[in-house]
Amino acid sequence: MTTLTKTEDSPAPTGPDSFLSVRDLKVRFSTEDGIVKAVDGLSFDVERGKTLGIVGESGSGKSVTNLTILGLHNPRTSTVEGEIVLDGKELVTATERELERLRGNKMAMIFQDPLTALSPFYTVGRQLSEPYMKHKGASKKEAKDRAIEMLTKVGIPQPKMRFDDYPHQFSGGMRQRAMIAMALMCDPDLLIADEPTTALDVTVQAQILDLLKDLQQEFGSAIIFITHDLGVISHVADDLLVMYAGRAVERGSVREVMREPKHPYTWGLLSSMPRLDSSVDEALEPIPGSPPSLLNPPSGCPFHPRCAFRDQVPGTLCSDTRPPLGEGRAAACHLTAEQKQTIFIDKIQPRLR
Amino acid sequence: MLQFILRRTVGAVVTLFLIGAATFFLFVAAPSDYASLACGKDCSPQRLADIREALGLDLPLVQQFWDFMTGIVMGRDFPTGHCSAPCLGQSFYSGEMVWDTIMDRFPTTLTLTAGGAVVFLVVGVGAGMISAYRRGSLLDKIATGGSMVLSSFQIYFLGPIVLWIFVYSSGLMDNPKYVPITQDPAGWFVGMLLPTLVMATIFTAQYTRMARSSMIEQLAEEHVRTARAKGMSKPYVFFRYAWRGSLIPIVTVFGMDVSSMLGGAVVTELTFSLQGIGRLAVDGAVHKDLPMTMGVMLFGAFFILLINILTDIAYAYIDPRIRLS
């Protein structure tokens, strides 16, 4: 018997101040080829004023998770199980109308590519004003004042003139700033940033990250920051969740996970990250193999086909049994704590220095 | 904007001139002309020469062409009388002024086009939008299936069936005919109803399919998702964000259809025995009636060029990224 269908029974730590709490979330898409388990038993919490970083390869379920929180998944092709509780309100079972009232108001999203994520047909000002008018019942004039205030806050020069510009008249960095301003129009308590800096060049990236931090301090929002860039995450996040094949494989504070990763997949992620101070002769260490198909995920630990250390686990435990993710600082792996410690010190740490 | 219109107008005039030249010289390159056709079986060289002279076919080709083209701007004098600008010459076959004949037939064609256009946009695009909005519903399936079936019909197939049902077997309606709207609006409506509906039915199905697929494509756009993420309602997002983007292909095809229909809906006119511009074009070519063919060609080309310019202006209104330059 495999315990593939069994989910992580141990819940993530529920802080007293936990603002968003996701429990055992499962998102499935039915496609022509079968059922894709895009998210398979995911649990996490985000506190007010804190930033949770979610990292993982493409297709690990990061974006799907967050679209599901907003209720933007396609209800015709996907099924959602589990619990998403935002400030005491259950979202999985909420009606479309209830979700509409929360979206852009209590929870907002910043998308990856601001060029395609902003409508080319309407002015930036109009796109910013819309949610404010809808959620706050503001007049056009009030919404315009608010939009100009937010454009100023995110550092767009001459916001009064820019208000009537179209997105294509903005530069890439300015578009992303406008996008952030749009997300912040209604002072959302939860801000989801889906790779907000991926489409930007490095100098602009740093500005946007600083901007997000400043805004968080000002508004006290909870932020979920999705990225595949570990360099970025260490600057912005407080806690870190590493996702693989639709599941969380490691959790902890950013400092803990970056300094002392405990999961072989996280080791792989960190080793494959280029470092400025490493010798140019030193080759990067990619993770062998490719991410699994979520149509037919591997049995047991989903990472076992790519794992270099599975021979240290007795028997067929890795391919049979799904390792649970413990509470708090944890990694879902069958290796014992001592084994992890030894491997990390002998093999992984030298690569990270 | 003004500069754009000015530039395009100059371009259109040049294009019209070139189309006129191409039509004229292709036409006279044909092996037989109107004179030899009119001369008949027992044709003497003298009689042929007389006919040619009377029609002006004895003049050098370049002069014939030049006279025709200048006549459009300045008017011309014929032995039978003056033809004021825009003069498209005198028909060889009927002896009437081509412009007058076209103006006589144009209301029929205009009625067909206008009626069709309304149905395309209201019924065709409307059904497509609703299908996309209620994608996967029974309504969508009916609209998709129905439009598939209808768009594979042909006017000369559906036309006679409709005529048989409503006119010949049941006698519910009279044979379609054009009655001037100024004389009898009800008669005009009833007279043109069947031809317009039959033509519109077949074209409308294409609009339904196009509007549906274009809309579905737009609904998958990221900026549409962003609008949803802002909490905007589904109908608002649908009709403000997705709709706007789906208009471009519809406007493109609509412009092409309307402009070509204004130049004559040949099949519809022939099927329902209507006297429209399309009929004139066919008759002109069959009778080797050079002025009539030239006139109808230029008349049709004028609308194609005009609507092309209007379509480009519409693009710029729909999508602010498109600049008219």
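Residues numbered from 1 in each chain as written. Chains lettered and ligands numbered in written order. Predicted model: local features only at pLDDT ≥ 70, side-chain atom pairs only at ≥ 80, totals over all residues.

## Remarks on the overall build of chain B
Inference 1: What chain B contains, in helices and strands, is 13 helices and 2 strands.
Inference 2: Oriented by its inertia axes, the alpha-carbon framework of chain B measures out at about 85 × 55 × 40 Å.
Inference 3: Split into buried and exposed, the 325 residues of chain B put 36% on the buried side.
Inference 4: In chain B, of all internal contacts separated by at least 6 residues, the share reaching a separation of at least 24 is 67%. (Helix = DSSP H or I, 4+ residues; strand = E, 2+ residues; numbered from the N terminus. Buried ≥ 20, exposed ≤ 12 C-beta atoms within 10 Å, placed from the backbone. Contact = placed C-beta atoms within 7 Å.)

## Describing the UniProt feature "domain: ABC transporter" (unreviewed entry) in chain A
Inference 1: Per the UniProt record, the feature "domain: ABC transporter" (unreviewed entry) sits at residues 22-270 of chain A.
Inference 2: Strand forms 27% of residues 22-270 of chain A and helix 41%; the C-alpha atoms that close the span are 26 Å apart. (UniProt positions renumbered as here; feature names shortened; annotations may be inferred.)

## Brief notes about the sheet that holds strand S6 (residues 107-110) of chain A
Residue and element names in this part refer to chain A.
Inference 1: Judged by pairing direction, the sheet is mixed, and its 7 strands sit side by side in the order S6-S7-S8-S3-S9-S10-S11 without closing on themselves. At either end of the open sheet lies a strand with only one pairing partner, and these are S6 and strand S11 (330-331).
Inference 2: Here strand S7 (residues 190-194) pairs with strand S8 (residues 222-227) via 5 bridges, running parallel. Across the sheet, the residue bridging to leucine 191 is isoleucine 223, located in S8.
Inference 3: Sitting on the sheet, helix H11 (residues 264-271) touches strand S3 (51-55), strand S9 (239-244) and strand S10 (247-253), and the angle it makes with S9 is about 100 degrees. (Pairing = 2+ DSSP bridges. Axes fitted to C-alpha atoms, helices over the stretch in contact; angles between N-to-C directions.)

## Some details on the packing of helix H5 (residues 140-153) of chain A against helix H7 (residues 172-184) of chain A
Two quantities define a packed helix pair, namely the angle between the helix axes and the distance between the axes.
Residue and element names in this part refer to chain A.
Inference 1: Taken N-terminus to C-terminus, the directions of H5 and H7 make an angle of 130 degrees; their axes are 9 Å apart at the nearest point. What the angle tells us is that H5 and H7 run oblique. Classified by chirality, the crossing of H7 by H5 is right-handed. Here H5 contributes Met150, Leu151 and Lys153 to the contact with H7, which in turn contributes Ala178, Ala181 and Leu184.
Inference 2: Residue composition of the contact of H5 with H7, grouped by class: 5 nonpolar, no polar and 1 charged. (Parallel < 35°, antiparallel > 145°, perpendicular 65-115°, else oblique. Left-handed = near helix turned anticlockwise from the far one by under 90°. Nonpolar A, V, L, I, M, F, W, Y, C, P; charged D, E, K, R; others polar.)

## Some words on the interface of chain B and chain A
Inference 1: Counting residues at the interface gives 18 residues for chain B, matched by 23 residues for chain A.
Inference 2: Those elements that provide at least two residues to the side of chain B that touches chain A are helix H9 (222-229) and helix H10 (234-262) of chain B.
Inference 3: Sorting elements by how many residues they give to the side of chain B that touches chain A places H9 of chain B first, with 7 residues.
Inference 4: Grouping the constituent residues of the side of chain B that touches chain A by class yields 5 nonpolar, 6 polar and 7 charged.

## A few points about the sheet that holds strand S2 (residues 34-47) of chain A
Inference 1: Pairing is antiparallel across the open sheet formed by 4 strands, whose spatial order is S2-S1-S4-S5 (chain A). Edge positions in the sheet fall to S2 and strand S5 (89-90) of chain A, since each of these pairs with one other strand and no more.

## Structural notes on the UniProt feature "transmembrane region" (unreviewed entry) in chain B
All names here are of chain B.
Inference 1: Residues annotated in UniProt with the feature "transmembrane region" (unreviewed entry) correspond here to residues 12-30, 110-130, 142-166, 186-205 and 296-318.
Inference 2: Within residues 142-166, the helical portion is 88% and the strand portion 0%, while the C-alpha atoms at the span's ends are 25 Å from each other.
Inference 3: As annotated, residues 296-318 comprises 100% helix and 0% strand, and the C-alpha atoms at either end are separated by 33 Å.

## Comments concerning the nonpolar core
Inference 1: Counting 90 residues, the largest nonpolar core has Ala178, Met179, Ala181, Ala183, Met185, Val242 and Val249 of chain A as the members making the most contacts within it.
Inference 2: Broken down by element, the residue count for this core peaks at 8 residues, all from H7 of chain A.
Inference 3: The residues touching valine 249 of chain A, leaving out its near neighbours within four places in the chain, are Val242, Met243, Tyr244, His263, Tyr265, Phe303, Ala331 and Ala332 of chain A.
Inference 4: Listed in part, the 41 residues of the second largest apolar core include Leu112, Val125, Met129 and Leu247 of chain B. (Core = buried A, V, L, I, M, F, W, Y, C linked by C-beta atoms within 7 Å.)

## Describing the pairing of strand S4 (residues 78-86) of chain A
All names here are of chain A.
Inference 1: Here strand S1 (residues 18-31) runs beside S4; their pairing, made up of 8 bridges, is antiparallel. Along S4, the bridge assignment pairs lysine 26 with glutamate 81.
Inference 2: Here S4 runs beside S5; their pairing, made up of 2 bridges, is antiparallel. Pairing of valine 85 across the sheet is with glutamate 90, part of S5.
Inference 3: Linkage of S4 to S5, two consecutive antiparallel strands, is achieved through a turn of 2 residues, within which aspartate 87 is found at a positive phi near 50 degrees.

## Section: the domain arrangement of chain B
Residue and element names in this part refer to chain B.
Inference 1: Structurally, chain B comprises domain 1 (2-83) and domain 2 (103-318).
Inference 2: Taken together, the contacts link 15 residues of domain 1 with 12 residues of domain 2.
Inference 3: Only helix H1 (2-28) and helix H2 (34-39) provide two or more residues apiece to the side of domain 1 that touches domain 2.
Inference 4: Counting residues per element, the side of domain 1 that touches domain 2 draws most heavily on H1, which supplies 10 residues. (Domains from an automatic or database assignment.)

## Focus: the UniProt feature "domain: ABC transmembrane type-1" (unreviewed entry) in chain B
Inference 1: UniProt's feature table lists "domain: ABC transmembrane type-1" (unreviewed entry) at residues 106-315 of chain B, given in the numbering used throughout.
Inference 2: Taken end to end, residues 106-315 of chain B has its terminal C-alpha atoms 28 Å apart, with 81% of it in helix and 0% in strand.

## Quick notes on the pairing of S2 of chain A
Residue and element names in this part refer to chain A.
Inference 1: The element S2 is largely enclosed, with a buried count of 11 among its 14 residues.
Inference 2: Relative to S2, S1 runs antiparallel, the two sharing 11 bridges. Its bridge partner lying in S2, valine 27 is registered against valine 39.
Inference 3: Where S1 hands over to S2, the hairpin turn is made up of 2 residues, counted between the paired strands.

## Looking at the packing of H9 of chain B against H10 of chain B
Residue and element names in this part refer to chain B.
Inference 1: Contact geometry of H9 with H10 gives a least axis separation of 10 Å together with a crossing angle of 150 degrees. For the element pair H9 / H10, the angle class is roughly antiparallel. As H9 runs across H10, the sense of the crossing is right-handed. Where H9 abuts H10, its residues His223, Val224, Ala227 and Arg228 lie against Val237, Tyr241 and Ala242.
Inference 2: Taken together, the residues of the contact of H9 with H10 break down into 5 nonpolar, 1 polar and 1 charged.

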